[in-house]
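Overview (structure and organization)
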Amino acid sequence: MTHILVLHGPNLNLLGERQPEIYGYQTLADIDAALVALAATRQAHLRSQQSNHEGVLIDAIHDARAWANGILVNPGAYTHTSYALRDAIAAASLPTVEVHLSNIHAREPFRHTSLLAPVCLGQIVGFGWRSYLLGLQALLDHLSPIA
Ligand code: DQA
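Residues numbered from 1 in each chain as written. Predicted model: local features only at pLDDT ≥ 70, side-chain atom pairs only at ≥ 80, totals over all residues. Heavy atoms only, no water.

Our focus in this paragraph is the site of the ligand. Inspection of the region around the ligand gives R18, Y23, N74, G76, A77, H80, H100, L101, S102, I104 and R111 as its neighbouring residues. Taking N74, its side chain carries an N or O atom lying 2.8 Å from an oxygen atom of the ligand. Between an oxygen atom of the ligand and a main-chain N or O atom of A77, the distance comes to 3.2 Å. With the chains in place, 99% of the 320 Å² that the ligand exposes on its own is no longer accessible. Across the shell around the ligand, the residue classes break down as four nonpolar, five polar and two charged. (Near = heavy atom within 4 Å. Polar contact = N/O pair within 3.5 Å; in protein donor to acceptor, adjacent residues only side chain to side chain. Areas by Shrake-Rupley, 256 points an atom, 1.4 Å probe, with all protein chains shown as cover. Nonpolar A, V, L, I, M, F, W, Y, C, P; charged D, E, K, R; others polar.)

In this section: the nonpolar core. By size, the foremost hydrophobic cluster in this structure holds 22 residues, and its most contacted members are I4, L35, L72, Y132 and L136. Of all the elements in the fold, those that place two or more residues in this core are β1 (2–8), α2 (28–40), β2 (44–50), β4 (96–100) and α5 (130–143). Apart from the residues lying within four places of it in its own chain, the contact partners of I4 are H45, L46, R47, W67, G70, L72, L136, L139, L140 and L143. (Core = buried A, V, L, I, M, F, W, Y, C linked by side-chain atoms within 4.5 Å. Buried < 20%, exposed > 50% of the residue type's maximum accessible area, 1.4 Å probe, protein only. Helix = DSSP H or I, 4+ residues; strand = E, 2+ residues; numbered from the N terminus. Contact = heavy atoms within 4.5 Å.)

If you want it as structure tokens, here you go:
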């Protein structure tokens with residue numbers, strides 16, 4: 001069994017209501033349910049957590065060192081600002097995939113930089129809620145290569 005921490009950053013609790021033209025109409029619960037369904041086909045177990053607080057996200061990453069094989073993270077706006085989150089990912093040394101609903105590279109200039117990307121396995125952006133599914137697939141393939 002593979003164990004994955006799914007971490008959702010600030011404001012993602014508002015998905016479904018928050019700027020749906022950018023982020024879509026799916027709620028966080030919808031996304032988590034789709035991830036759990038995918039995980040079930042790959043003998044993976046997920047623990048999902050959302051927080052609007054940087055320190056809570058960092059604590060979750062630290063805790064994951066004790067039980068997780070990898071991390072799937074949408075860091076929200078902390079992507080562009082948080083050296084502390086980047087350091088936590090680097091310190092945890094767990095393969096981490098960064099996902100974004102929107103294509104951050106096609107939006108405002110401040111969103112073009114991810115401070116986390118250099119310490120992540122890879123980044124998937126711009127596919128709406130499917131970014132999460134693609135990210136989980138990539139992470140599970142990395143952990144247990146199919147071929
Ligand atoms: C986001 C992109 C970020 O720039 C933004 O601050 C978010 C959501 C995304 O999933 O597209 O909160 O991470």
